[in-house]
Amino acid sequence: MWVVYTLNGLYFGALLFLISLGLNIILGVMGILNLAHGSLYAIGAFTAAWVIIAIGMKVPAFFLYVTLLSGLVLAGIVGFLMEKSLIRFMYKRTLEYQLLLTFGALMLLEDVIKMIWGGQAYYASAPFDLLGRVDILGHVYPTYFLFVMVVALIAGLCIWLFMSKTKLGIMLRAISLDREMATGLGLDINRLSTFAFVLGSGLAGLAGALVVPTTPALLGFGHEPLILGFIVVVVGGLGSLKGALVGSLLVGFTRSFGIAVFPEIELPLLFLIAGIILVVKPEGLFGR
Amino acid sequence: MGLKQISRNPRWIIYLLIFIALLFIPRMLSIHDLMLFEYGITFAIVGLGFNLLLGYTGLLSFGHGAYFAAGAYSVAMIAKYLPQAYSLEILIPAALFFSLVLSIIFGFVCVRHTKIFFSILTLSLAMLLFALLFKLYHITGGSDGLRVPLPTMFGMSFKGIRRPEFLSGTYYYFLLGVFSVSFLLMKGIVSSPFGKALQAIRDNEVRAELIGIRVRRYRLYAFIISGMFVGLGGALWTFVNGHVTADLSHWVFSGEIVYMTLLGGFGIFEGPIIGAMIFTYLKLYAMGNTQYWMFVIGGTLIVLVLLLPNGVAGAVSSLWTKIKKKSH
């Protein structure tokens with residue numbers, strides 16, 4: 001069975017990577033911990049489910065997978081509006097106001113989701129069913145999970161290339177290293193911050209969209225991923241992309257093996273590991 | 001401060017008048033409103049404790065629900081496993097003890113950090129407790145939680161008495177007594193040399209360290225005192241509510257504690273008390289009148305953060321100074 005657990009660990013890790021990558025980019029560039037990140041994930045999930053249900057089986061199979069991007073797009077748009085209307089005014093404010101503002105946004109968005117999509121569950125398993133199953137080392141495994149891993153891998157590579165090779169990415173990293181100096185060098189902090197926030201929100205939305213073919217979208221969909229995202233960020237180190245990757249895999253494997261071996265304390269175990277790492281290495285594994 | 005100075009300070013006269021007015025509250029309010037008021041008082045104790053950390057030490061905890069849950073679950077667990085010890089004079093010290101232990105353990109880890117790191121750490125540790133309370137359901141009741149019966153009180157038994165009657169009688173005065181003691185105690189703490197040292201740490205850590213304040217140790221002390229106040233509030237709250245669930249340790253509940261403190265204003269000693277009262281009523285009325293109560297509360301919070309950064313008490317006090325200036 002360990003093959004399946006390992007694959008499951010990779011799958012959980014891939015999803016968490018997308019979520020924590022977004023959380024980390026926003027935290028690194030803007031210094032704001034976005035408590036509404038889980039809501040953006042939920043928006044991505046509901047959007048994708050809704051689109052998939054709406055178009056049904058009328059389109060070629062390939063197109064069905066493209067529609068998953070709708071989650072990314074809408075979460076990105078919501079992120080854009082959020083940054084422009086609320087987060088914008090928070091850069092110069094102290095921590096408690098920043099956190100409480102995103103906490104307010106979380107409550108607001110939860111109810112907006114409820115207003116738009118109502119309280120019922122959205123099932124959209126077509127992309128999952130269509131891919132069927134494959135045989136891996138004698139174990140039958142859903143192909144869709146592999147698809148998710150590939151998407152996360154591609155997304156991760158794109159972000160890495162973007163951050164290290166393009167001018168825009170280097171500017172973003174400059175801001176996260178030293179905001180004051182970056183302003184002094186004449187970078188347009190406002191526009192870059194908006195961009196970072198939209199990027200982070202979009203990644204959360206993409207993660208939500210990728211999950212929805214496997215589990216129906218429900219109210220409160222974003223709560224658990226947000227908390228797991230926190231653990232990843234804490235374990236990996238705040239604002240570190242490498243940390244997000246290692247942290248996601250660590251949490252993913254702990255979860256998958258934890259569920260298999262001792263399902264009762266799988267969640268406490270995660271927090272315990274996070275706690276131990278923090279006592280030993282307070283800045284996280286790859287923190288600065 | 002001597003007794004003479006206290007009697008000359010108009011602030012203390014106002015406190016005394018409010019205390020006397022509070023004695024007559026059970027006669028003025030209906031049972032339903034009185035219960036709400038009691039929720040407010042328990043949260044006021046929580047706010048007092050929380051603000052020692054936020055307002056006076058400059059540390060924002062997003063996990064104080066954990067100590068609230070520690071106090072609340074001490075009561076509920078004793079009710080379930082040690083029913084012969086289920087009396088108020090044992091329960092309150094027990095709740096204080098368990099929140100003390102928990103805040104020593106968590107505080108030791110958390111005070112190594114400040115700012116956002118501190119917030120995330122407190123949050124994660126509170127979620128550890130939440131996960132335990134939630135998953136070990138055969139001990140803790142999980143998401144169903146545990147029921148909390150009426151306790152005995154200094155030998156008095158309340159068998160056969162319904163909860164509303166219990167709450168509107170003896171328990172209200174007990175609550176008021178504990179609140180008054182907590183208020184005076186916290187007032188003493190923040191104006192003691194220890195409290196001044198905390199404020200020095202808040203304003204400038206490096207300077208505080210240079211004049212010989214042991215910053216980390218003082219932060220830990222503040223964390224522990226704060227945790228115990230919150231635990232006390234949690235224990236008192238359980239008798240009003242009659243039921244505890246794992247959600248008390250969830251970070252969203254901790255967020256509500258931050259919310260009420262900010263709503264009242266954390267720069268002012270009485271701010272969190274006012275905030276706790278307003279928040280209790282605001283939440284109940286929002287929940288009673290619309291299914292989109294989170295929208296109302298969240299929207300209020302956003303408006304508050306953008307427009308009233310010093311909270312209600314802060315706004316009133318700055319208005320007061322303005323009026324005073326004009327009249328001179």
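In this text, all values refer to a predicted model and were calculated from it rather than measured experimentally.

Cut-off values and rules
Residues numbered from 1 in each chain as written. Chains lettered and ligands numbered in written order. Predicted model: local features only at pLDDT ≥ 70, side-chain atom pairs only at ≥ 80, totals over all residues. Helix = DSSP H or I, 4+ residues; strand = E, 2+ residues; numbered from the N terminus. Rg over C-alpha atoms; globule rule 2.2 N^0.38 Å. Buried ≥ 20, exposed ≤ 12 C-beta atoms within 10 Å, placed from the backbone. Contact = placed C-beta atoms within 7 Å. Nonpolar A, V, L, I, M, F, W, Y, C, P; charged D, E, K, R; others polar. Expected span 1.5 Å × (residues − 1). Axes fitted to C-alpha atoms, helices over the stretch in contact; angles between N-to-C directions. Parallel < 35°, antiparallel > 145°, perpendicular 65-115°, else oblique. Left-handed = near helix turned anticlockwise from the far one by under 90°. Pairing = 2+ DSSP bridges. Core = buried A, V, L, I, M, F, W, Y, C linked by C-beta atoms within 7 Å. pLDDT = per-residue confidence, 0-100.

## As for the overall build of chain B
Now for step 1: Of regular secondary structure, chain B possesses 17 helices and 2 strands.
Now for step 2: In terms of overall size, chain B behaves like a compact globule, its C-alpha atoms giving a radius of gyration of 20 Å where 328 residues would be expected to give roughly 20 Å.
Now for step 3: Expressed as a percentage of its 328 residues, the buried residues of chain B come to 46%.
Now for step 4: For chain B, the share of sequence-separated contacts (at least 6 apart) that also reach a separation of at least 24 residues comes to 77%.

## Quick look at the overall build of chain A
Now for step 1: Counting secondary structure elements, chain A contains 13 helices and 2 strands.
Now for step 2: Since a compact globule built from 288 residues should have a radius of gyration of about 19 Å, the 19 Å found for chain A is in line with a globular shape.
Now for step 3: In terms of overall dimensions, chain A has a C-alpha envelope of 60 × 45 × 35 Å along the principal axes.

## Remarks on the environment of phenylalanine 62 of chain A
Now for step 1: On the secondary structure map, phenylalanine 62 of chain A appears in helix H3 (residues 61-66).
Now for step 2: C-alpha of phenylalanine 62 of chain A to C-alpha of cysteine 158 of chain A: the two residues are 96 residues apart in sequence and 21 Å apart in space.

## A look at the interface of chain A and chain B
Now for step 1: Contact residues are listed per partner, giving 34 residues for chain A and 36 residues for chain B.
Now for step 2: With 15 residues, the single largest contributor to the side of chain A that touches chain B is helix H5 (residues 95-117) of chain A.
Now for step 3: Taken together, the residues that form the side of chain A that touches chain B break down as 27 nonpolar, 2 polar and 5 charged.

## Regarding helix H16 (residues 293-307) of chain B
Now for step 1: Between the first and last C-alpha of H16 of chain B there are 21 Å, a value that for 15 residues agrees with the 21 Å anticipated at 1.5 Å per step.
Now for step 2: Looking at the buried residues of H16 of chain B, the elements they touch are H5 of chain A together with helix H14 (251-264) and helix H15 (271-289) of chain B.

## Some thoughts on the packing of helix H4 (residues 31-56) of chain B against H15 of chain B
All names here are of chain B.
Now for step 1: One can describe the packing of H4 onto H15 by two numbers: an axis separation of 7 Å at closest approach and a directional angle of 135 degrees. It follows from the interaxial angle that H4 and H15 lie oblique. Taken as a pair, H4 and H15 cross one another with a handedness that is right-handed. Taken together, the residues of H15 that come into contact with H4 (itself represented by Leu36, Tyr39, Gly40, Phe43, Ala44, Val46, Gly47, Leu48, Phe50 and Asn51) are Pro272, Ile273, Gly275, Ala276, Met277, Phe279, Thr280, Tyr281 and Leu284.

## Points about the pairing of strand E1 (residues 133-136) of chain A
Now for step 1: One ladder, built from 4 bridges, connects E1 of chain A with strand E2 (residues 139-142) of chain A; its direction is antiparallel. Paired with isoleucine 136 of chain A across the two strands is histidine 139 of chain A, which belongs to E2 of chain A.

## Quick word on the nonpolar core
Within soluble globular proteins, side chains that are nonpolar tend to cluster in buried spots.
Now for step 1: Counting residues in each nonpolar core, the largest one holds 190 residues, and the members touching the most others are Leu15, Leu18, Ala45, Ala207 and Ile231 of chain A together with Ala72 of chain B.
Now for step 2: It is helix H1 (residues 2-30) of chain A that provides the largest number of residues to this core, a total of 16 residues.
Now for step 3: With residues near it in sequence (within four places) discarded, leucine 18 of chain A still touches Ala152, Ala155, Leu203, Leu206 and Ala207 of chain A.

## A few points about the confidence of the model for chain B
Note that predicted coordinates carrying low pLDDT should not be read in detail.
Now for step 1: Scored by pLDDT, chain B has a mean of 85; 97% of the residues are at 70 or more.
Now for step 2: Helix H1 (residues 3-8) of chain B is the least confidently modelled element of chain B, averaging 61 in pLDDT, while helix H13 (residues 215-241) of chain B averages 92, the highest of any element.

## Things to note about the packing of H15 of chain B against H16 of chain B
Residue and element names in this part refer to chain B.
Now for step 1: Running from N to C, H15 and H16 point in directions that differ by 145 degrees, and their axes come no closer than 8 Å. As H15 packs across H16, the resulting crossing turns out to be right-handed. Contact with H15, carried on its side by Leu282, Lys283, Ala286 and Met287, involves Trp293, Val296, Ile297 and Thr300 of H16 and no other residues of that element.
Now for step 2: Here the contact of H15 with H16 is built from residues that sort into 6 nonpolar, 1 polar and 1 charged.

## Concerning the environment of lysine 322 of chain B
All names here are of chain B.
Now for step 1: Within the element layout of this structure, lysine 322 appears in helix H17 (residues 311-327).
Now for step 2: Assessed through the 10 C-beta atoms surrounding it within 10 Å, lysine 322 is described here as exposed.
Now for step 3: Taking C-alpha positions, lysine 322 is 38 Å from leucine 220, a pair spaced 102 residues apart along the chain.

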